[in-house]
Amino acid sequence: MSVSSVFQNKTAAYFTLGCKLNFSETSTFEKKLQQLGVRTAGRGEHADICLINTCSVTDVADHKCRQAIHRMVRQHQGAFVVVTGCYAQLSGETVSRMEGVDLVLGANEKATLVEHLADALARRDSADTIEHGGKCFLAGKTKDIKTFAPSCSRGNRTRFFLKVQDGCDYFCTYCTIPYARGFSRNPPIASLVRQAEEAAAEGGKEIVLTGVNIGHFGKTTGESFIDLVKALDQVEGVCRYRISSMEPDLLSDELIDYLANGSRAFMPHFHIPLQSGSDEVLRLMHRHYDSRLFADKVTRIKQLMPQAFIGVDVMVGCRGEKPECFEETYRLLSELPVTQLHVFSYSERPGTAALKIPYIVPEKEKKERSQRLLELSDSKTKAFYQAHIGTEAEVLFEKATRGRAMHGFTRNYIRVELPPQDARPELDNQLVHVRLGDFNHDRSALLSEELRVESF
């Protein structure tokens, strides 16, 4: 039986948890299955196949994964259910024992998900499978995760997401991602340029570079991240690139200088993980930089690109974060010209080295610290937006969904809202020059302020 014949006249439903990389990979799976004749099920429609791409960055993420699997099994009774992603790699045996789950694929097997799915569907009623509690369970050890699953997908958005790297070699004490995704690896630049060219041919004007630790690009091929940036800059038709996230120790001055002065299409938009502003905590975390290096990178960016948007990841309440350590983090972030903070609480992860650190932060204290940082983030983002009121900007608009206002982003990632009465289909995926009006004063929207378009 051919692969295509297995999938003919079938429908599929997809659910993704976690990072942009996961969403990009799911979108690629969907595209591949569509090419083989699988139609994506509509809202409320029963699906023959359910694909859940999971996350395992925290224990909360694990819980959400289990909830999503149960929900998909319940909503699509009798469907063939395949689970992949980080939770499937780290807790595959647990997932394989869940009622309704038919196929569990780890990180190495995810690269050939379609082939595994076709084989499992063809043999669904056969005993000729790898049996594990009656389910097909395929997940190798971390050291054996070596495949790279290419992904460049748009999904339901205007922007394309290009996967340029996977895995991580850092093994920070609090993190399970290297165990879930394996060591750092990447494809050659030439293949990524071809994918960017294909995205441009499909009408893509903006591409986000995604990965787990993209600053390590080149380990597999002997190339470098700045080589990749310069090569992608030459792709005709792509007007904008964004770098999803980059470790401060891998964000070289050479790269910052190029993005400021030599790049055609890379946007003044950075996302830099800090995690802690305390050097003592950074050492406990086994991070590869100190607070001074982080501050130097932020300062250099703002000197060369004063309008740059700088987002920062901050973890609160990790083991070893004594009150004075948190105050060091708060003080550093207060003083630096960052734009927005992505604040999240430390979560105990089985098997991580952080569990050996003796000082434990009470949950109540974690919440109080998170709230202080969120308030700091609100004030910094508000100030950033206010500084742009009345200025002109180029916005790439995205199609409105379900009657909502049309929105888009400026080059430096200010979210601009076009009221429903002014939204027009022809503006979708178009670069439009606007004058930025006042931001939305509703406090519930402070983390995603929306500026009004005053004129075209």
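Residues numbered from 1 in each chain as written. Predicted model: local features only at pLDDT ≥ 70, side-chain atom pairs only at ≥ 80, totals over all residues. Heavy atoms only, no water.

Caption draft 1: Highlighting the sheet that holds strand β13 (residues 309-316). One open sheet holds the 3 strands; their spatial order is β12-β13-β14, and the pairing between them is parallel. One side of each edge strand has no neighbouring strand; the edge strands of this open sheet are β12 (269-275) and β14 (340-345). On average, adjacent strands in this sheet sit at an angle of 20° to one another, irrespective of strand direction. Pairing of β12 with β13 involves 6 bridges; the strand directions are parallel. Opposite P273, over in β13, you have D313 as the bridge partner. Contacting β13 and β14, helix α14 (residues 363-386) runs over the sheet at an angle of about 165° to β14. (Pairing = 2+ DSSP bridges. Helix = DSSP H or I, 4+ residues; strand = E, 2+ residues; numbered from the N terminus. Axes fitted to C-alpha atoms, helices over the stretch in contact; angles between N-to-C directions. Contact = heavy atoms within 4.5 Å.)

Caption draft 2: Spatial organisation of the packing of helix α10 (residues 253-261) against helix α12 (residues 291-304). Close contact between α10 and α12 brings their axes to 10 Å; oriented N to C, the two are set at 20°. The angle between the axes of α10 and α12 places the two elements in the roughly parallel class. Crossing handedness for the pair α10 and α12: right-handed. Every residue of α12 that contacts α10 at D253, I256, D257 and A260 is listed here: K297, R300, I301 and L304. (Parallel < 35°, antiparallel > 145°, perpendicular 65-115°, else oblique. Left-handed = near helix turned anticlockwise from the far one by under 90°.)

Caption draft 3: Broad picture of the packing of aromatic side chains. Under the criterion given, the structure shown has 8 aromatic pairs. Consider the rings of F384 and Y385, whose centres lie 6.4 Å apart with planes at 70°: the pair is edge-to-face. Of the two residues, F384 and Y385, neither departs from the other in class, the shared state being buried. Put simply, the rings of F309, F384, Y385, F409 and Y413 touch in pairs and so form one group of aromatic residues. One Lys or Arg, K163, reaches over the ring of F148 and ends 4.8 Å from the middle of that ring. Geometry around Y330 places R372 over its ring, the cationic atom sitting 4.3 Å from the centre. (Phe/Tyr/Trp six-rings, centres within 6.5 Å; stacked < 30°, edge-to-face > 60°. Buried < 20%, exposed > 50% of the residue type's maximum accessible area, 1.4 Å probe, protein only. Lys NZ or Arg CZ within 6 Å of the ring centre and 35° of its normal.)

Caption draft 4: Just the pattern of salt bridges, in detail. Under the definition given, this model contains 27 salt bridges. Here R349 makes a salt bridge to D62, at a shortest N to O gap of 2.8 Å. Highlighted residues: R349 in the loop between β14 and α14 and D62 in helix α3 (residues 59-75), separated in sequence by 287 residues. Of the charged contacts in the structure, one is a salt bridge between R240 and E394, with a shortest N-O distance of 3.4 Å. Pair noted here: R240 is in strand β11 (residues 240-243) and E394 is in strand β15 (residues 392-398), with a separation of 154 residues, a long-range link. Each member of the salt-bridge network shares a partner with another, and the members are E25, K110, K163, D166, R181 and R185. (Salt bridge = Lys/Arg side-chain N within 4 Å of Asp/Glu carboxyl O.)

Caption draft 5: Representation of the nonpolar core within the structure. Formed by 69 residues in total, the largest nonpolar core has its most connected members in F225 and Y241. Examining the composition of this core, we find that 6 residues originate from one element, helix α8 (residues 189-201), more than from any other. If near-sequence neighbours (up to four positions away) are discounted, F225 is found in contact with L209, I214, G215, F217, I243, M246 and L255. The next biggest cluster of nonpolar side chains, apart from the first, holds 23 residues, and it includes L17, A41, A47 and M98. (Core = buried A, V, L, I, M, F, W, Y, C linked by side-chain atoms within 4.5 Å.)

Take it as geometry only, folks, not as evidence of what the structure does.
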